[in-house]
Amino acid sequence: MSLVLSEEQHLLKQTAAEFISEHSPITHLRAMRDTADPIGFSKDLWKEMAELGWTGILLPEQYGGSELGMAELGVLLEECGRTLAPYPFLSTAVMGATAIALGGNEKQKSNILPGISSGEQIVAVAFQENPRFAPYAISTSARPSDDGFILSGQKAWVWDACGADQLIVAARTSGEPGDRRGISLFLVEPSCQGIAITKTQMVDSRNSARIEFDDVIINSEALVGELNEGAEILDAVYERCTTALAAELFGISQEIFERTLEYLKTREQFGTLIGTFQALKHRAADLFCEVELTHSIVLEALRAIDEDRPYRERLVSAAKARASDTASRVCREALQMHGGIGMTDEVDIGLFMKRAKAAEIALGDSSFHRNRFAEVTGF
Amino acid sequence: MSLVLSEEQHLLKQTAAEFISEHSPITHLRAMRDTADPIGFSKDLWKEMAELGWTGILLPEQYGGSELGMAELGVLLEECGRTLAPYPFLSTAVMGATAIALGGNEKQKSNILPGISSGEQIVAVAFQENPRFAPYAISTSARPSDDGFILSGQKAWVWDACGADQLIVAARTSGEPGDRRGISLFLVEPSCQGIAITKTQMVDSRNSARIEFDDVIINSEALVGELNEGAEILDAVYERCTTALAAELFGISQEIFERTLEYLKTREQFGTLIGTFQALKHRAADLFCEVELTHSIVLEALRAIDEDRPYRERLVSAAKARASDTASRVCREALQMHGGIGMTDEVDIGLFMKRAKAAEIALGDSSFHRNRFAEVTGF
Amino acid sequence: MDEETILENFRNELRNWLEANCPKALRDSAANTKNSPRQEDHAAWLKACASRGYTTPTWPKEYGGGGLSKEEHSILLEEIDRIGTHIAPVSFFGTSMLGPVLLEFGSEAQKKEHMPKITSGEIQWCQGYSEPGAGSDLASLQTRAVRQGNDFIINGSKIWTTGAHHADWMFCLVRTDPNAPKHDGISFILFDLHQPGVTISPLMLISGQSDFCQVFFEDVKAKAENLVGELNAGWTIAKRLLQHERSMLSGGMPGGARPSKKESGSQKATAPRSYLAESARPYLGEEGGQLNDPILRDQIAQYELDSLCFGLSLQRSGQEAKAGQGPGAASSMFKLYASEMNKRRSELVMSIQGASGLGWEGEGFTPGELFETRGWLRSKGNSIEGGTSEVQLNVIAKRVLGLPD
Amino acid sequence: MDEETILENFRNELRNWLEANCPKALRDSAANTKNSPRQEDHAAWLKACASRGYTTPTWPKEYGGGGLSKEEHSILLEEIDRIGTHIAPVSFFGTSMLGPVLLEFGSEAQKKEHMPKITSGEIQWCQGYSEPGAGSDLASLQTRAVRQGNDFIINGSKIWTTGAHHADWMFCLVRTDPNAPKHDGISFILFDLHQPGVTISPLMLISGQSDFCQVFFEDVKAKAENLVGELNAGWTIAKRLLQHERSMLSGGMPGGARPSKKESGSQKATAPRSYLAESARPYLGEEGGQLNDPILRDQIAQYELDSLCFGLSLQRSGQEAKAGQGPGAASSMFKLYASEMNKRRSELVMSIQGASGLGWEGEGFTPGELFETRGWLRSKGNSIEGGTSEVQLNVIAKRVLGLPD
């Protein structure tokens, strides 16, 4: 499989780079942060992205999607990483779209997917309950009632839940927290009685919330996919989102590496450019190798999903682990090489570092994914 | 407690440095290796060391010992590390002396200890059976017989067993391999019927052997210490030997760091001394810090044993872990900074690297000791 | 009277004085949270401390200090500790940085003028060192001072000035001879910040704090009599202060890098513990007493182990200096290692906390979590401020290892 | 005839030829251990291969090569593989290094003279590059060659000359103008090692091997017609060869750094495995299929993961070059990473084997253990030979990143 971009993908990359750097440069994130914007991004701009076919990038044409693949999604997220564009790609275009497209029935699909493709529906997927990611550690319960279920429990770190139009909630319908079986997904309106969404102020200034479900009554039509078999859908959702995060982390790494390189070529100390110092040169060269290696595995993992390859979990975990470690290291080196100025909020390094840390931790850090890589490899 | 040498310790260090560099410089080890010397060191020189009070350094005066402590032993082993002096300090002066002095009865003490002090008895302690150190993984068994025990099983990596005058064998008298209880120590003559000692050619060219015990009949007087309670003695033996290894590893690190520093100051490439290259400078400075930190913990651990401090296992493990990692890193950097010439047998770096690896692995590598450090610290 | 009796008398007298002068609300601070001290208590306590020079206890009496001997100073600290209070704080940069400099390099008039005002807490000082173009290469500083009658006229700007927004005066490195080699045209001068031409802008850090400022000078005046040391010989003073700062930073890092007195002493009989590991327990869980994540457990062990080695090295270095042995390890090594250790600790905490470490403020996170997250961001500055790690490595390579330039 | 038919004919003809010419004892090598080939078999097979130029299959026929097209070459490899044999080996340095250089820089006479003898296996070549004082700084080499009549007279010495003790001729970098800037006074010359004045001493390595030699020259003669390229223009050739060597080293490291063809292809349906992890199983034990040492398991995973990323990067670089995209990643990066990976693998193996990895030879250790231990020591040279890791980092910083000098 090709690890270079096709002509179409190149074109997409160009369009994305231009559009995002024009409409959502890093000052856009700053403005959202500094005005304490309640949802943290512009719904209008999201609709413009929808017109470019980005919000429904993974969806079939029949639901207004552009029917492209993970390879193309990766191109977009790489560019989002470069400017820290705070748009609901992960929550809506990846997780929400995947959950409904793979697990939803026809009615759910026609209700939700066209809205995602048109940029009018923001979908938040509520899965995480514990600070350290564990895919099936779900205790929020949905117990059967007369004409449906009663949902109770709480979720945290739910991306883009503030202002979301729909929630998809992973709840336990049997078994114990940690069991893969016994999880079911429900499509729930945030306005339902008993749902309390509380915005949390995050280090990366993204839209994130805790959600409490206090005996929320939902009818049986809310069930997405088979009862107790939600993990089937969830696995696909995790897989795509993990890889998308790796692409975003790669975009961050590339951007911050390039900025640092530029700084090394322009900053003077001791009467010379600091890029002439061999110790810094060697560290920069070493970082370059890490970024290049990351690029390769991210491309491969994206394509492996598109091609539905067996054992691709191994590539997905390798991509997330490598991208997390590289981003973390590049950010640390970038800050150190920038010196004091990098410590100021005015310069962007800190913003990248904050987002990188959040993306690194989301859906399992590098240690989590090395463990999974070893498991899939059989040791 | 003082982390600087006392005047007496300074004097000892001076004497040791002079004596060892004169009589057992690194060419001495080379000669032993290249002539395939059957025991790998000179018994005559060991007797000269005995006259200096070194072989009985940990033994009471009543058995001819010099009644000094681990702090002084550390001074000696540091100097041994500097020239890779292949003398049986670990086997005889530390392990053998400790086992008998702590566990032996009066008769055993008077039979063995004066001989250690005079340099006439070489004692090898046979404990290890598995490639990865596990203190109580002992399956060699001693089953009761009419007037004693029958020993059967095998040991490997027994230091200085070739040409040894006495063996101390850790054998299981009850329980399962891995159990702390059920181990007993026996003092056995290597010439006993059923004992086969096979020399193994080691990477560090030291005296080491496999020993097979084929239903060896030993009488009950051979038991050292209490039946089934050999681990009590063994723990003390391990503790002292682990710390002594750390001191030797520190000596290696210091020597090889100094040699590398010297090389950086004299080797020219690209028309300049390679020590002017900032990348190498930073690495050298970083190594310096590691060596200094190692020095501190090694001194502390040695003193903690002398002072019989509670929780000193934590310091002992910290010393072994740090000293192993530092030596490994310093050797690797030394070789790389020396370039091709460091790869030749003619230059000594390889010899240090080989001995450092052996010492690193002996009695638990750094990962083993970090685990133990965590255990003692309660997490 | 023998010395012991004299010291005993000193202690008794001190106890009485403390009993009479230290406001009750400021004692037993831990137990006293309900009876929280008022502004007047602080003011009274400062006045009392200053009146005896206890805010700068070892400075000579003629410059406002306490004039205490080393032994008396120890007794003062013990007694203060005994009643659970602290000496009233005055300008840190005044007591720790400027005071010692004036004692060594200042004129008699300067000592008489400035030191008592540090002791009394009247004047808060700040340090004008780094500039936007002069960070690691401090000596390339460009802030100019030109003699004009009895004044120096100062133009330029300083950055990373800690607490400038709360300070009254600045001690400052300025260029007084632009034609001399860069180290030879620098002077050390003092001036009042409350004057026209001084603009102070706090810098917002990535951690959300703003302890540091950028300070701009436009025709700011400093009296010629406030030049410390010789004209153009300020670099000597600057270096002395940098060394001093390095030592303080290496000893004063949070998070275990500072050797606890108890731990470093021998014969410690209480069970060792790791605060880091204990704080990890709720996040990682445990099994048989062991943290449930073997990889993080190993990393925590490595951190604690290195921290232990670091503490012992500080201790050894002190003992070697006392014994007059060897060069010891340089302050650069300690500065370097302390910064890197603290960064490592923060990264570990972030790994431990997982998503709980991603909060910025407000609900959904414990105060401890928010504190650690801010601390993680702040820790990145440790290896930059007070001389970058790269500068420390250069210093070690040159001064300690003697590697060629 | 269309191309396909031509190739099919080629294949059929080749099969017949192989059947007739390849000694039976050299086929199905794995199954054939009992019927071990004799010296005559090897000689016959070499003669047969050489007669058709198959030892250098893509070289032009006029210089003794096989003159095969790319497609024909593929078919040759397939058919050779099918019958379980190998092309008879001839001088590696001749086929991989000198041949391509002669094709690009050599005179017609040189090609006619030297290339057929490489093909026939008559002459073994070695490479005279490094000198005791010229390692990383190769261009500072001092071996002198002075013109005297129709000869160059060579004095000096070379080190790290692979296989000099088995070689017949050397291609060598010599200084022909000591007054020119160092890169401008070097020439590339060929000469016979079987002559007076040549002394060859194998170097014993720390791993116990001695593949490398030091070679001394005392008034050694090279014919002027064996100067390749212009006088004093040898550095251009040297650089070309270095680049070439770097690529070979990065692709040819043992231990997983080389991407297996099967793994790198997509749609791989067989379960992935780690040889390193499998070899660790007997030492570490397992529980529920997981290696029993979580720390080493994590490190093995990191190694395999990086190895995977490295293989993919090699693959991507090839594709990018084909697509004419970007600069791609430099060969320096691959050389650097392959060496460091291989060293890392060996260190891991040593950690896994514990005391079983401490053997040198003889009984008490398996052949595999002894092999790994020697390999561990040998691996330390990977980041030195063919340009140190430091040199690769310099090259990346300069050429790829454009950092200033």
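Treat the numbers as computed from the prediction; the structure is a model and nothing was measured. (Residues numbered from 1 in each chain as written. Chains lettered and ligands numbered in written order. Predicted model: local features only at pLDDT ≥ 70, side-chain atom pairs only at ≥ 80, totals over all residues. Heavy atoms only, no water.)

1. A word on the pattern of salt bridges
- Counted according to the given criterion, the structure contains 123 salt bridges over all chains.
- With a closest N to O distance of 3.0 Å, A:Glu307 and A:Arg309 form a salt bridge.
- The partner of C:Asp405 in a salt bridge is C:Lys398, with the nearest N and O atoms 3.4 Å apart.
- Residue class for C:Asp405 comes out exposed when judged on its relative accessible area of 69%.
- For C:Lys398, a relative accessible area of 42% translates into the label partly exposed. (Salt bridge = Lys/Arg side-chain N within 4 Å of Asp/Glu carboxyl O. Buried < 20%, exposed > 50% of the residue type's maximum accessible area, 1.4 Å probe, protein only.)

2. Points about the domain arrangement of chain A
Residues and elements named next belong to chain A.
- Along its sequence, chain A is carved into domain 1 (7-121), domain 2 (124-228) and domain 3 (231-376).
- The distance between the C-alpha centroids of domain 2 and domain 3 comes to 30 Å.
- If you look at the interface, domain 2 gives 15 residues, while domain 3 gives 16 residues.
- Note on domain 2 versus domain 3: buried area summed over both sides is about 1500 Å², and carbon and sulfur give 66% of it.
- On the domain 2 side of the contact with domain 3, Phe 133, Trp 159 and Arg 180 bury the most area, a combined 34% of that side's loss.
- Inspection of the domain 2/domain 3 interface yields four salt bridges.
- Linking domain 2 with domain 3 are six residue pairs in polar contact (both at pLDDT 80 or more), by the criterion used here.
- Classifying every residue of the side of domain 2 that touches domain 3 gives 11 nonpolar, one polar and three charged. (Domains from an automatic or database assignment. Contact = heavy atoms within 4.5 Å. Buried area = accessible area lost by both parts, 1.4 Å probe. Polar contact = N/O pair within 3.5 Å; in protein donor to acceptor, adjacent residues only side chain to side chain. Nonpolar A, V, L, I, M, F, W, Y, C, P; charged D, E, K, R; others polar.)

3. A closer look at the environment of B:Pro190
Residue and element names in this part refer to chain B.
- You can see Pro 190 is positioned in the loop between strand 5 (183-188) and strand 6 (195-199).
- What makes Pro 190 buried here is its relative accessible area of 17%.
- Separated by 34 residues in the primary sequence, Pro 190 and Ala 156 place their C-alpha atoms 15 Å from one another.
- With near-sequence residues (within four places) excluded, Pro 190 lies in contact with Ala 164, Asp 165, Gln 166, Leu 167, Ile 195 and Ile 197. (Helix = DSSP H or I, 4+ residues; strand = E, 2+ residues; numbered from the N terminus.)

4. Quick word on the interface of chain D and chain B
- With 44 residues of chain D in contact, the opposing surface of chain B contributes 33 residues.
- Across the interface of chain D and chain B, roughly 3200 Å² is buried in total on both sides, 63% from carbon and sulfur atoms.
- On the chain D side of the contact with chain B, D:Ile206, D:Leu358 and D:Ile384 bury the most area, a combined 21% of that side's loss.
- At the surface where chain D touches chain B, the tally comes to four salt bridges.
- Its salt-bridge partner being D:Glu363, residue B:Arg210 comes within 3.8 Å of it at the nearest N-O pair.
- Scanning the region where chain D abuts chain B turns up 20 residue pairs in polar contact (both at pLDDT 80 or more).
- Of all the elements in the fold, those that place two or more residues in the side of chain D that touches chain B are helix 8 (275-284), helix 9 (294-323), helix 10 (331-353), strand 11 (359-361), helix 11 (367-379) and helix 12 (389-400) of chain D.
- Across the side of chain D that touches chain B, the residue classes tally to 20 nonpolar, 14 polar and 10 charged.

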